[in-house]
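Commentary on secondary and tertiary structure
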Amino acid sequence: WVARALTFLVISCPCALVISIPLSFFGGIGGASKRGILVKGSNYLEALAQTETVVFDKTGTLTVSSPKVAEVLSLDPDWTEDEVPKISACLEEHFPHPVARAVVKAAEQKNLAHEEEHAEVEYIVGHGIASKLRGQHLVIGSRHFVEDDGVSCAFAQNQIEAIASKGHSVLYLAVGQKLIGLIGIEDPLRDESKYVIARLRQMGIPHIVMITGDGEKTAANVAARLGITEFYSQVLPDGKSAIVSHLEKEGRRVLMIGDGINDTPALSAASVGVSLSDGADLAKEVASVVLLGSDLTHLPLALELGRRTYARIKTNFRTTIGLNTAYLVG
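To start, this report covers the structure provided alongside it. (Residues numbered from 1 in each chain as written. Predicted model: local features only at pLDDT ≥ 70, side-chain atom pairs only at ≥ 80, totals over all residues. Heavy atoms only, no water.)

1. Quick notes on the overall build of the chain
Secondary structure summary: the chain contains 14 helices and 13 strands in total. In the chain, which comprises 330 residues, the share counted as buried stands at 48%. Contacts spanning at least 24 positions in sequence make up 61% of the contacts within the chain whose residues lie at least 6 apart. Carbon and sulfur atoms make up 54% of the accessible area of the chain, which totals about 15,900 Å². (Helix = DSSP H or I, 4+ residues; strand = E, 2+ residues; numbered from the N terminus. Buried < 20%, exposed > 50% of the residue type's maximum accessible area, 1.4 Å probe, protein only. Contact = heavy atoms within 4.5 Å. Areas by Shrake-Rupley, 256 points an atom, 1.4 Å probe, with all protein chains shown as cover.)

The structure is reproduced here in structure tokens:
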């Protein structure tokens, strides 16, 4: 019976599982790093394999993060179409945001020299800038930001919709609680964005979602060009994490991909947070997966590597249990 007892102990020993599962995870993480994908833990490989909802932040993720001014519209005869970008650039030049750089560059291209007549500026992340100009309150930013400041935008609805229908984001400029100008910002899509969306669908990802702070018409235009049917528009920075948390509570395994500071709460709320290597440092720190090549085509590859690793683990598990059972019976 001693021999049988030793045989039983050897066969039933979980060494095969103890060795094969960690090795599979190490192999998956190593294979990902060789392909320009940094996975920060084995549990994230498993989460990648089980992902069924992919949520994209639009700006800087689906787009190239190098926006440019497409059009400028003055809404007040006292302010010319040169003065609107001139004042806007004077405010925006203080902040290293892609949209701010686009406004400043547009003013430079028109040789619109500007003096700092405004008072100290206040920047509210994801909303806009507030200051004072010649004793009047001055704000520039998103629609909800200027409206929260008591500015009415309803009279310019037709002009706003005309800009948004082209897929451009709209920047609002108001002085003395009066909307005086609109700036249309063109944010070109990444060359690979449409391919990546199509590839995710081919892989059987049932839910692909886009989140943006842009208005509904702008968001609808971009979503239609990419083949995305589910999107959220006019989302505030803290609203992104609320959406991701809601999807998680529905039982979905969510992958959130974004590159900005205001994306970090949503990255943390998702089962897998993904950032690009050219994203904000905080986003890369919080993300569980970083695409080192800053190329969205690495996203389907990351999902595929996760699935392959998880499939290998399940195969090893079944094989080990099956063989051990057969040996014990024998």
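Once you've had a look at it, read on.
2. A few points about the sheet that holds strand S13 (residues 289–291)
If you trace the seven strands from one edge of the open sheet to the other, you get S1-S13-S12-S11-S2-S9-S10, paired in mixed fashion. Of all the strands in the sheet, just strand S1 (37–39) and strand S10 (230–232) have a single pairing partner and so form its edges. This sheet shows a mean twist of 20 degrees between the axes of neighbouring strands, independent of strand direction. Here helix H9 (residues 193–202) sits on the sheet in contact with strand S2 (53–57) and strand S9 (207–211), set at roughly 170 degrees to S2. Across the face of the sheet, helix H10 (residues 216–226) comes into contact with S9 and S10 while running at roughly 150 degrees to S10. (Pairing = 2+ DSSP bridges. Axes fitted to C-alpha atoms, helices over the stretch in contact; angles between N-to-C directions.)

3. Re the packing of helix H5 (residues 83–92) against helix H6 (residues 98–109)
Each pair of packed helices gets described by two things: the angle between the helix axes and the distance between those axes. With their axes 8 Å apart at the nearest point, H5 and H6 run at an angle of 130 degrees to one another. Looking at the two axes, H5 sits oblique to H6. You can see that H5 and H6 cross each other, and the crossing is left-handed. From H5, Pro85, Ser88, Ala89 and Glu92 reach across to H6, where they touch Ala100, Val103, Val104 and Ala107. Here the residues of the contact of H5 with H6 are counted per class, giving six nonpolar, one polar and one charged. (Parallel < 35°, antiparallel > 145°, perpendicular 65-115°, else oblique. Left-handed = near helix turned anticlockwise from the far one by under 90°. Nonpolar A, V, L, I, M, F, W, Y, C, P; charged D, E, K, R; others polar.)

4. Looking at helix H11 (residues 237–249)
Burial in H11 covers these residues: Pro237, Gly239, Lys240, Ser241, Ile243, Val244 and Leu247. Looking at the residues trailing H11, positive phi occurs at glycine 251, about 95 degrees.

5. Quick notes on the nonpolar core
In terms of nonpolar packing, the biggest core is built from 36 residues, with Phe56, Leu200, Leu255, Ile257 and Leu299 touching the most fellow members. Per-element accounting of this core gives the leading share, five residues, to helix H14 (residues 298–329). Other than its neighbours up to four places away in sequence, leucine 299 contacts Val54, Phe56, Leu200, Leu255, Ile257, Val274 and Leu291. With 22 residues, the next largest nonpolar core counts Val72, Leu138, Val175 and Ile180 among its residues. (Core = buried A, V, L, I, M, F, W, Y, C linked by side-chain atoms within 4.5 Å.)

6. Digging into H5
Counting buried positions along H5 gives eight out of ten residues, so the element sits mostly inside the fold. In this structure, the buried side of H5 is in contact with strand S3 (68–74), H6, strand S5 (128–133), strand S6 (136–141), strand S7 (169–175) and strand S8 (178–186).

7. With respect to the pairing of strand S11 (residues 254–257)
Of the two faces of S11, both are covered, the one formed by Val254 and Met256 as well as the one formed by Leu255 and Ile257. Note: S2 against S11, four bridges, orientation parallel. Bridging across to S11, valine 54 finds its partner in leucine 255. Relative to strand S12 (residues 272–276), S11 runs parallel, the two being bridged by three bridges. By the bridge assignment for S12, methionine 256 is matched with glycine 273. What joins S11 to S12 is helix H12 (residues 264–269), and the crossover it makes is right-handed. (Right-handed = clockwise from strand over helix to strand, strands pointing away.)

8. Details of unusual backbone geometry
Positive phi, normally seen in glycine, also occurs at asparagine 111, with a value near 55 degrees. Within the fold, asparagine 111 resides in the loop between H6 and strand S4 (122–124). Given a relative accessible area of 68%, asparagine 111 falls into the exposed group.

9. Re the pattern of salt bridges
Taken as a whole, this structure holds eleven salt bridges when the rule is applied. Between glutamate 192 and arginine 190 there is a salt bridge, with its nearest N and O atoms 3.8 Å apart. Note on accessibility: glutamate 192 and arginine 190 belong to one class, buried. One network of salt bridges, with partners in common, ties together Asp57, Lys240 and Asp263. (Salt bridge = Lys/Arg side-chain N within 4 Å of Asp/Glu carboxyl O.)

10. Concerning the side chain of serine 275
For serine 275, the location among the structural elements is in strand S12. Dropping the residues within four chain positions of it, serine 275 is found in contact with Gly258, Asp259, Ala283, Lys284, Ala287, Val289, Val290 and Leu291.

11. Concerning the environment of serine 152
Note on placement: serine 152 falls in the loop between helix H7 (143–148) and helix H8 (157–164). C-alpha separation for the pair serine 152 and leucine 179, spaced 27 residues apart in sequence, amounts to 7.0 Å.

12. Examining the environment of phenylalanine 231
Examined against the element boundaries, phenylalanine 231 turns out to sit in strand S10. When the C-alpha atoms of phenylalanine 231 and isoleucine 208 are compared, they prove to be 8.5 Å apart, with 23 residues separating the residues in sequence. Excluding residues within four positions of it along the chain, phenylalanine 231 makes contact with Met210, Glu216, Ala219, Ala220 and Ala223.

As far as function goes, none of this settles anything; it's purely spatial.
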